[in-house]
Number of protein chains: 4
Amino acid sequence: MQFLSDNAAAVHPNVWRAMQAADDADLPYDGDRLSRALDDAFAQLFGREVAVLWAATGTAANCLALSTMVQPHGAVLCHREAHIEMDEGGAPGFFLHGAKLVLVEGDHAKVTPEAARAALEAIRDDVHQAQVHAVSITQASEYGCVYRPAELSRLDMELAPRGLRLHMDGARFANAVAHLLRPAAEVAGPVDALSFGCVKNGGMSAEAVVFFDPGLADVARYRRKRAGHLPSKGRFLAAQLLAMLEGDLWLHNAAAANAAAGEIGAAAGGRLLHPVEANEVFLQCTAPERAALRAQGFGFYDWGPEAARFVAAWDTREEDAKALARAVAAL
Amino acid sequence: MQFLSDNAAAVHPNVWRAMQAADDADLPYDGDRLSRALDDAFAQLFGREVAVLWAATGTAANCLALSTMVQPHGAVLCHREAHIEMDEGGAPGFFLHGAKLVLVEGDHAKVTPEAARAALEAIRDDVHQAQVHAVSITQASEYGCVYRPAELSRLDMELAPRGLRLHMDGARFANAVAHLLRPAAEVAGPVDALSFGCVKNGGMSAEAVVFFDPGLADVARYRRKRAGHLPSKGRFLAAQLLAMLEGDLWLHNAAAANAAAGEIGAAAGGRLLHPVEANEVFLQCTAPERAALRAQGFGFYDWGPEAARFVAAWDTREEDAKALARAVAAL
Amino acid sequence: MQFLSDNAAAVHPNVWRAMQAADDADLPYDGDRLSRALDDAFAQLFGREVAVLWAATGTAANCLALSTMVQPHGAVLCHREAHIEMDEGGAPGFFLHGAKLVLVEGDHAKVTPEAARAALEAIRDDVHQAQVHAVSITQASEYGCVYRPAELSRLDMELAPRGLRLHMDGARFANAVAHLLRPAAEVAGPVDALSFGCVKNGGMSAEAVVFFDPGLADVARYRRKRAGHLPSKGRFLAAQLLAMLEGDLWLHNAAAANAAAGEIGAAAGGRLLHPVEANEVFLQCTAPERAALRAQGFGFYDWGPEAARFVAAWDTREEDAKALARAVAAL
Amino acid sequence: MQFLSDNAAAVHPNVWRAMQAADDADLPYDGDRLSRALDDAFAQLFGREVAVLWAATGTAANCLALSTMVQPHGAVLCHREAHIEMDEGGAPGFFLHGAKLVLVEGDHAKVTPEAARAALEAIRDDVHQAQVHAVSITQASEYGCVYRPAELSRLDMELAPRGLRLHMDGARFANAVAHLLRPAAEVAGPVDALSFGCVKNGGMSAEAVVFFDPGLADVARYRRKRAGHLPSKGRFLAAQLLAMLEGDLWLHNAAAANAAAGEIGAAAGGRLLHPVEANEVFLQCTAPERAALRAQGFGFYDWGPEAARFVAAWDTREEDAKALARAVAAL
């Protein structure tokens, strides 16, 4: 019973079907009819004009988006636990040509307006320190927590007057929307570009970068090719994204994963380190307790010496989640 | 009847099957059992130890390979028509951090030892000019022509004493092997790294970078992640490559494409601009002649004002190739 | 009798004096009163508002200027013999983060509108080829030839409608102005930024980057610091530049160098490979002839197997120039 | 009475004299006899073979040195207050092509073996996190504190087994040597490259990068040119460095600055935030106290809301230092 991560979960049958239906040769790269349908499909989701590019990984999606907002001599402000800082092998340094990451602290891996302001004001306004050009936040956060629309507005009030761009790493954006039950546009808030995750949510190899400022997308298209991220059979990536949007599969999948995580979280009582608002559960948990759980067949990651992380996926079986919930309650 | 390119052809059924068989969750990234099987599978093909990484595109494969051989202050020598110069949107400049491409001329888009020597000797041996660290050649070349093992040896005799690395862009390496009917190791020759193409040959989204010096692969692994080219479900890329090797599918597919191209080439007579040694045919062809062919339903690219390029793929139908051959003969 | 280059000539006494007068401690970096006086001094020279940054070398000046005009995924169009291509050790690749140089041919190392247009039109307007963002020309050119104002206007008519920026490498701008005897603004023409040379013309270690679009200068200031080109005692660089402008020292020095070169050129007759319009003379000259000149004590560079280059500097002694002229005439 | 910084102090008369003596034209770049004398001069100082390059700024010296040790996909470990992190405008990101800085805490801005080990062990040994390739320390530190030879040995015992390179930012190396009164080689310890400062110590525009591994210098020469840091009249930089070594001027100047700082520090009593081991004094000091000092004519920087920094230079007048000491004691 696997709770290691959602990142290697199976591919949803609808995604498989859509990919196979795309096998007929069509124009290469992003010239095929599926790739050309993405802008409209996402415009409908967000209720406004957008320009959408597919990308093969979340790292590529995040860094391509940021590369349109941040000059090489600038910086990105993000949380100290952000994926771009912790888990992308220095990809921002590569895609942004050495631009800096300015790190802030914050509960539940969320960037607050106060923390952002303090960090921005600590940077001397001279050429001896890299100036922040954009802020990147993660929705849901690295600890499975969700920014409310009001939080996003407050953050925007801090950033917009400074002329800063806002990027959202939405590797688990679907889980945030499924949790808040608000329109996607509200959950994205005032961002300039959103990395819309699909791989962790039943896809195979496609994420979407949704640009709310189409001018940025024009730059991103060149950057994507230049980064080797323009496969000739791009139709198979577009097919995955369209299949996810079709009939709100993305939301159903995310809701299933959230429900499984919620089941486990509800059994955890005071052990919970973060509220369970998406599909991740972080528990205080001693080494012997973790050993006990593993002995019962549960797979998961240690999170430092005194905690464990459990991740549910779209295909986590209900009985597995219930079994884990019982085991956690019985610790 | 499509002869535009092989780059958007359909995916071979065996590849589809292998991908579906890989759907079971496994370790993420390249930790799955299929990815871990690649070194051995390719070692068997080349008869020596190799380290193999998958990559999603030929551009990524080429540039990752070169990034292990060329320092940012160095240069790559290649043909003026090389894909890395003409069609990768400046990706070498990105992956190699501004290293230079030194361009040489040569018939059939092939780099000769003489041309390489002349270019190398024209570079002043001082810090005011970027020094060449590696040479990149394309097998089969951008004009569908093949380096013989003896040509590769002669090139190596020019490069090795200078301490230069050799990279081979093998987007159509299969077609070269199918043409020469020699062991893969001989067709690769003394290269340090080979981009082994699969997408143009019945794959969906996987190329292999074969490192004959495993130390280079260790660097490439970091560079790959840093470039956003390490998808979490890497097993689907590995599955494609293994399916291509299985039962020599790669060779059968390439042979089919070569045969179709050969059919067309044989009908072309004196119009041929380059010998047909792979799956591409370049014909001298006026605008009215091209219009006539298009009127008969043939799709292809103009190649400047007086020529046309026809590319056969693994799934080009024999009757289509014959029809085109007849039409060409009748011009 | 040294005619190797003007790049290591002595420092003019006025420049020494100005530097010594700047020794009093002042604010560091570019905050001192001399650095702050540059904008006005150059505004007076060019008859319009400009923003001026000093830089220690021509390479730094050129590349900092271009870095404000060219995105990493773009390209610079320049002559095949341009200093940025031939003699800067790949610095444009470094400062522009891998942007490409697109090379054109042209007599006397000058870029013509026709050559520029042909090269621009040969670039496919898609993401697979790097697009040109700026053009760089050299005034006087690498062969000591000068663009007339009308030539610059014609070039501008080709570039402006395409939205391309124009940079001028003016390592020998003074020599061009001294030759044309036109106002500096006309000799610069419609450029966005000019590298205004001083080191070859009696300075020690300061060039000026003159931005005619002050917005570019704001970016350049960050890039300059980031490239380690913001010395704390910047006042000594500013002092050199102000000394050069004072009493038109820059023009007097350049006129002296031009006159010496003119003397030699006038004696060269049909041997001249390029008109002598600045301080460089390129002569057809066999190996024995070169040996004969060297035997008479003249120092100079071979320029390929059949030519020689002679460069006069601000401090070339009249008798030396005359002696060389006689020796050349006597060949 | 200026105690703002040592970075804009006057140039020592011996340095001026040496520069003027270098005015005779010689070979350009680093081919002149002075530049060629540097290796020997520094070899004598350090008692072993070294390869020495001049550079115009400390930022350039630090980053060129590091660029020979750290691959773009790697990282540098340094103190959170290190100059390369705080005051170089992101230059390491530029020169190292996006390599990361891994920051550690530590008293007096010094890196301890324990802090280094903790940070190194916190980095997962996989491709998802940038791996540290080198460590950079500052001697004397950003708070004017000095690493003892035994501290350097202990640090080396932590780093060497991991194969990590060690760089020393010695912008105030002279002050450290003057404080410890030990041979330069012991004060440098087991470093691979040392940025040997001169500008803050009576120079005008030259720092030395001393490579104890000559192989690194060979790379640095290309990187220096590529960064626009190879002026054609390099003899003037070499002259400054040789003048500083001549008769131990560097040590005399540093000793004078240290003595002035020591005078002030001795008067500061319990206000001292860091021991005074070089030429900087950091004092606890309220806003009214700072105002009082300024009213008496002392110039200095605030260091946060409750502290002040005073820096003495080689040319700080003894009476000024004594006056400040009295004023501090009287607070």
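Residues numbered from 1 in each chain as written. Chains lettered and ligands numbered in written order. Predicted model: local features only at pLDDT ≥ 70, side-chain atom pairs only at ≥ 80, totals over all residues. Heavy atoms only, no water.

Trainee: How do you make sense of the nonpolar core when you look at a structure like this?
Mentor: Buried together is how nonpolar side chains tend to be arranged in soluble globular proteins. C:Phe173 and D:Phe173 are the most contacted members of the largest nonpolar core, which has 141 residues in total. Leaving out residues up to four positions away in the same chain, D:Phe173 has contacts with D:Phe46, D:Gln139, D:Ala140, D:Met168, D:Ala184, D:Val187, D:Ala188, D:Leu194, D:Phe196 and D:Trp250. If you look at the next biggest cluster of nonpolar residues, it comprises 140 residues, including A:Val104, A:Ala188, A:Phe212 and B:Trp250. (Core = buried A, V, L, I, M, F, W, Y, C linked by side-chain atoms within 4.5 Å. Buried < 20%, exposed > 50% of the residue type's maximum accessible area, 1.4 Å probe, protein only. Contact = heavy atoms within 4.5 Å.)

Trainee: I keep staring at the relation of the copies chain A and chain D and nothing clicks. Help me out?
Mentor: One copy of the chain maps onto the other through a rotation about an axis plus a displacement along that axis. Under the fitted operation, chain A is carried onto chain D by 0.0 Å of movement along the axis and a turn of 180°, and the coordinates agree to an RMSD of 0.0 Å. Taken together, the rotation and translation relating the two chain copies correspond to the operation of a two-fold axis. Across chain A, the smallest distance between a C-alpha and the rotation axis is recorded for A:Gly98, namely 1.8 Å. (Least-squares fit on C-alpha atoms with pLDDT ≥ 70 in both.)

Trainee: I tried to follow the packing of helix H13 (residues 249-266) of chain D against helix H15 (residues 318-329) of chain D on my own but got confused; where do I start?
Mentor: The geometry of a pair of packed helices is captured by two quantities: the angle between their axes and the separation between those axes. All names here are of chain D. Between H13 and H15, the least distance of the axes is 8 Å, while the angle of their chain directions is 15°. Between H13 and H15, the interaxial angle falls into the category roughly parallel. Read as a crossing pair, H13 and H15 show a hand that is right-handed. Of the residues in H15, those in contact with Ala260, Glu263 and Ile264 of H13 are Ala321, Lys322, Leu324, Ala325 and Val328. (Axes fitted to C-alpha atoms, helices over the stretch in contact; angles between N-to-C directions. Helix = DSSP H or I, 4+ residues; strand = E, 2+ residues; numbered from the N terminus. Parallel < 35°, antiparallel > 145°, perpendicular 65-115°, else oblique. Left-handed = near helix turned anticlockwise from the far one by under 90°.)

Trainee: In this structure, what is going on with the interface of chain B and chain A? I would like to understand it.
Mentor: Interface extent is often summarised as the accessible area lost during association of the parts. The interface of chain B with chain A comprises 39 residues on the first partner and 39 residues on the second. Both sides together, the interface formed by chain B and chain A hides about 3,400 Å², and carbon and sulfur atoms give 58% of it. The largest contributions to the chain B side of the interface with chain A come from B:Phe94, B:Arg226 and B:Lys233, which together make up 22% of the buried area. Inspection of the region where chain B meets chain A yields zero salt bridges. On the surface where chain B and chain A come into contact, there are 29 residue pairs in polar contact (both at pLDDT 80 or more). When contributions to the side of chain B that touches chain A are tallied by element, the ones reaching two or more residues are helix H1 (13-21), helix H4 (58-67), helix H6 (91-95), helix H11 (214-226) and helix H12 (235-245) of chain B. In terms of residues, the side of chain B that touches chain A owes the most to one element, H6(B), which gives four residues. Here the residues of the side of chain B that touches chain A are counted per class, giving 19 nonpolar, 12 polar and eight charged. (Buried area = accessible area lost by both parts, 1.4 Å probe. Salt bridge = Lys/Arg side-chain N within 4 Å of Asp/Glu carboxyl O. Polar contact = N/O pair within 3.5 Å; in protein donor to acceptor, adjacent residues only side chain to side chain. Nonpolar A, V, L, I, M, F, W, Y, C, P; charged D, E, K, R; others polar.)

Trainee: Even after reading the chapter, I still don't get the relation of the copies chain B and chain A, so can you show me in this structure?
Mentor: Take chain B, turn it by 180°, move it 0.0 Å along the axis, and it overlays chain A with an RMSD of 0.0 Å. In this assembly, 100% of the residues forming the interface of chain B have copies in chain A that are likewise at the interface, indicating an isologous arrangement.

Trainee: Is there a simple way to think about the sheet that holds strand E10 (residues 307-311) of chain C in this case?
Mentor: Residue and element names in this part refer to chain C. Pairing in this open sheet of three strands is antiparallel, and the strands run E8-E10-E9 from one edge to the other. Every other strand in the sheet has two partners, leaving strand E8 (280-284) and strand E9 (301-302) as the edge strands with one partner each. Across two bridges, E9 lies against E10 in antiparallel orientation. Following the sheet pairing, Asp302 is matched in E10 by Ala308. (Pairing = 2+ DSSP bridges.)

Trainee: Help me understand the side chain of B:Thr68 in this model?
Mentor: Looking at the secondary structure, you find B:Thr68 in the loop between H4 and strand E2 (74-79). Sequence-distant contacts of B:Thr68, defined by excluding residues within four places in its chain, comprise B:Phe211, B:Leu216, B:Val219 and B:Ala220.

Trainee: Please explain the packing of aromatic side chains as it appears in this structure.
Mentor: Between two aromatic rings, the relevant description is the distance of the centres plus the angle of the planes. Counting across every chain of the model gives 58 aromatic pairs over all chains. Considering the side-chain rings of A:Phe94 and B:Phe94, the 4.1 Å spacing of their centres and the 20° angle between planes classify their relative orientation as stacked. Pair noted here: A:Phe94 is in helix H6 (residues 91-95) and B:Phe94 is in helix H6, and the two residues belong to different chains. Since its relative accessible area comes to 5%, A:Phe94 is described here as buried. Centroid distance B:Phe173 to B:Phe196: 5.9 Å. Interplanar angle 55°. Geometry classified as tilted. Placement of the pair is B:Phe173 in helix H9 (residues 173-180) and B:Phe196 in strand E6 (residues 193-196), with a sequence separation of 23 residues. As far as the burial class goes, B:Phe173 and B:Phe196 line up, both buried. Taking the ring centre of B:Trp54 as reference, the NZ or CZ of B:Arg224 above it sits at 4.1 Å. If you follow C:Arg294 out to its NZ or CZ, it ends over the ring of C:Phe300, 4.0 Å from the centre. (Phe/Tyr/Trp six-rings, centres within 6.5 Å; stacked < 30°, edge-to-face > 60°. Lys NZ or Arg CZ within 6 Å of the ring centre and 35° of its normal.)

Trainee: Explain the environment of C:Leu4 here, please?
Mentor: Residues and elements named next belong to chain C. As for its placement among the helices and strands, Leu4 is situated in the segment before helix H1 (13-21). For the pair Leu4 and Ala312, spaced 308 residues apart in sequence, the C-alpha separation works out to 8.2 Å. Beyond its immediate sequence surroundings of up to four residues, Leu4 is in contact with Gly299, Phe300, Tyr301, Arg309 and Val311.

Trainee: Would you take a moment to explain the domain arrangement of chain A for this structure?
Mentor: Residue and element names in this part refer to chain A. Structurally, chain A comprises domain 1 (13-248) and domain 2 (249-329). Relative placement of domain 1 and domain 2: their C-alpha centres are 26 Å apart. Contacts between domain 1 and domain 2 engage 30 residues on the former and 21 residues on the latter. Between domain 1 and domain 2 lies a buried interface of about 2,000 Å² when both sides are counted; carbon and sulfur atoms form 57% of it. At the boundary of domain 1 and domain 2, one finds two salt bridges. The salt bridge partner of Arg148 is Glu277, with a shortest N-O separation of 3.1 Å. (Domains from an automatic or database assignment.)

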